[in-house]
Amino acid sequence: SGRWRPDARAQALADAVLADDRVHSPSSITTRRQVGGTSVIWGGRCVPFDPVDFDRRESIGAAWPIGYEDVVPHFQRACDWLVCGRAVFDADEVPTLRGRPLVPGFPDGAVRNSALERWSLPTDFAREYGRRLRASATVRVVSPVTCTEIVTEQDRPAVRHLAARALDGRRLTVRARRYVLACGGLEATRLLLASRAPAGHAVGDHSGHLGRWYMAHVEGGVARARFTTPPRQTRYGYERDVDGVYVRRRLSFAREHLREHGLPNVVAWLANPELPDPAHGNGPLSFAYLALSSPLGRWFAPEAQRWSLTGRHVPGAPYGVARRGRVSEHVRNVARQPLATLRFVGGFGRNRFLARRRAPGFFVYSPDNAYPLQYHGEHLPHRDSRVTLADERDALGMPRLRIDLRFSDADVEGVVRAHEQWDAYLRAHGIGRLEYRSDDVAGEVWRRIGGGFHQAGTTRMAACPDDGVVDADLAVHGHADLFVVSSSTFVTSSQANSTFMVVALAVRLADHLKRLRGR
């Protein structure tokens, strides 16, 4: 749906009706209808799910029909497609990082500091693989047409054909032996909801789960970590592995600790002070804020990242309630630190725009060894958090989605408890403590809550048709010819953003389809 370049008319097809626009971000910044999809605008973070995510946990109330051992063999090929290096996500397994903790004296125990996220180039799939797609003898890219319905046989659960339309009125029918919906988290769900099964219900809604269990992540910042160790020995920013790939450390919990304490899977990393608030007194940060909020900001970062970093309203953004100072205050910060700002502009500009592997961002050193702590955690499955079809229709006649994303007190409680245990661990080892920005920590979490970028759960995977939409091989239950590869198939949301696991599941599905074809 869309062309090789951005198309405003195609993008408008994704507009949705939001039950609460304070909780869910608009589709204009969370999706992209063009060849390459959302890879065109993503930041490049690559993080897998953890073994604990596939455990049956009483506190979560849902379980995957596959195990960690079923997906980990596909991690390296996912890394290859995403161009993020080796499938190694632990600093202790990287020779150049082994034995060098986040701060001196920080052991891996109940709390770990060796978990890594990897960063892609970032890879725009249309740019990276467009030439191969155009030259392929076995792949045909048809654009700009949008699939509007899965037409099924009248007497059995099988696909007769796909109906598609172009904005100029042309119609297209697609017939194949097998079909894979790879339309993103919400659009795959919307297409199923808009299509009728022989029994009369929506395709995939045989047990009432289609569109339900909509999950995002809980994310934001409510505290800062103040370390009592030598400031210059704190690994506060990006590091590079043996292949030159950017990686970043995370605070996480051991699998056994999460299970013992009934905690959701929550991680955190050291961050910068809030860019919009000039009280940070930092020239480079003020320069970055002025650049990102200017008309030229689109050249420096995707719109969603700019909204988040500059304190505009993006539900779930870490700086969603920051004070935005006057431009003059930021200019004064730059004027007070001209040399530091020039060094920052030169160094970051070179690494961001001239290097083959672009720096994913920047961090500033804190002389007092205190850094804001950015958390990113599991959004617990909630049956009434859901998407449905609205009465309003798009330019092609498809019903738009109505999105009702919901969070609960349990989501907030999990974040609060995670911070309490991080604080206790730092204090117990004499290396630091957490300092909260407010006495009402739960209230601060609630003020930052929201989502829309990571769209999980609405076609959940299940071993039994009564419990979900697709099976362990991503086939819609009851269908041998219809598959979904999307974050919507996730049973839980983990601590990880969706991209890496979507690609890993896509590779796994490709192998499965090859085996079916061989038979």
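Refer to the preceding data block for the structure.
To keep things clear, this report deals only with the structure shown in the data block. (Residues numbered from 1 in each chain as written. Predicted model: local features only at pLDDT ≥ 70, side-chain atom pairs only at ≥ 80, totals over all residues. Heavy atoms only, no water.)

### Quick look at the sheet that holds strand 1 (residues 17-18)
Working step 1: The strand order 1-14-13 describes an open sheet built from three strands, whose pairing is mixed. The two strands at the open ends of the sheet, each matched to only one other strand, are strand 1 and strand 13 (386-393).
Working step 2: Relative to strand 14 (residues 399-404), strand 13 is paired through five bridges, and the arrangement is antiparallel. Counted as the bridge partner of Arg 393 is Pro 399 from strand 14. (Pairing = 2+ DSSP bridges. Helix = DSSP H or I, 4+ residues; strand = E, 2+ residues; numbered from the N terminus.)

### Notes on empty space enclosed by the protein
Working step 1: Counted under the stated rule, the structure contains two cavities of 30 Å³ or more.
Working step 2: By volume, the largest cavity is sized at about 70 Å³.
Working step 3: Lining the largest cavity, in full, are Leu 102, Arg 235, Tyr 236, Gly 237, Arg 248, Arg 249, Arg 250, Leu 251, Ala 268, Trp 269 and Leu 270.
Working step 4: Mapped onto the lining of the largest cavity, the elements with two or more residues apiece are strand 10 (246-253) and strand 11 (266-270).
Working step 5: Looking at which element gives the most residues to the lining of the largest cavity, the answer is strand 10, with four residues.
Working step 6: Estimated volume of the second largest cavity: approximately 50 Å³.
Working step 7: Taken together, Ser 1, Gly 2, Asp 7, Ala 10, Leu 13, Pro 144, Val 145, Thr 146, Arg 165, Ala 166, Leu 167 and Leu 396 make up the lining of the second largest cavity. (1 Å grid on protein atoms, 1.4 Å probe; cavity = no way out; pocket = protein on both sides within 12 Å on 5 of 7 lines; lining within 4 Å. Points joined across faces, edges and corners; volume = space filled by probe spheres on them.)

### Structural notes on the sheet that holds strand 4 (residues 146-152)
Working step 1: Overall, antiparallel pairing links the three strands, which are arranged 4-5-6 in an open sheet. The open sheet is flanked by strand 4 and strand 6 (171-174), the only strands paired with a single partner. Adjacent strand axes in the sheet meet at a mean angle of 25°, parallel and antiparallel pairs treated alike.
Working step 2: Here strand 4 pairs with strand 5 (residues 159-165) via six bridges, running antiparallel. Within strand 5, the residue paired with Thr 152 across the bridge is Val 159. (Axes fitted to C-alpha atoms, helices over the stretch in contact; angles between N-to-C directions.)

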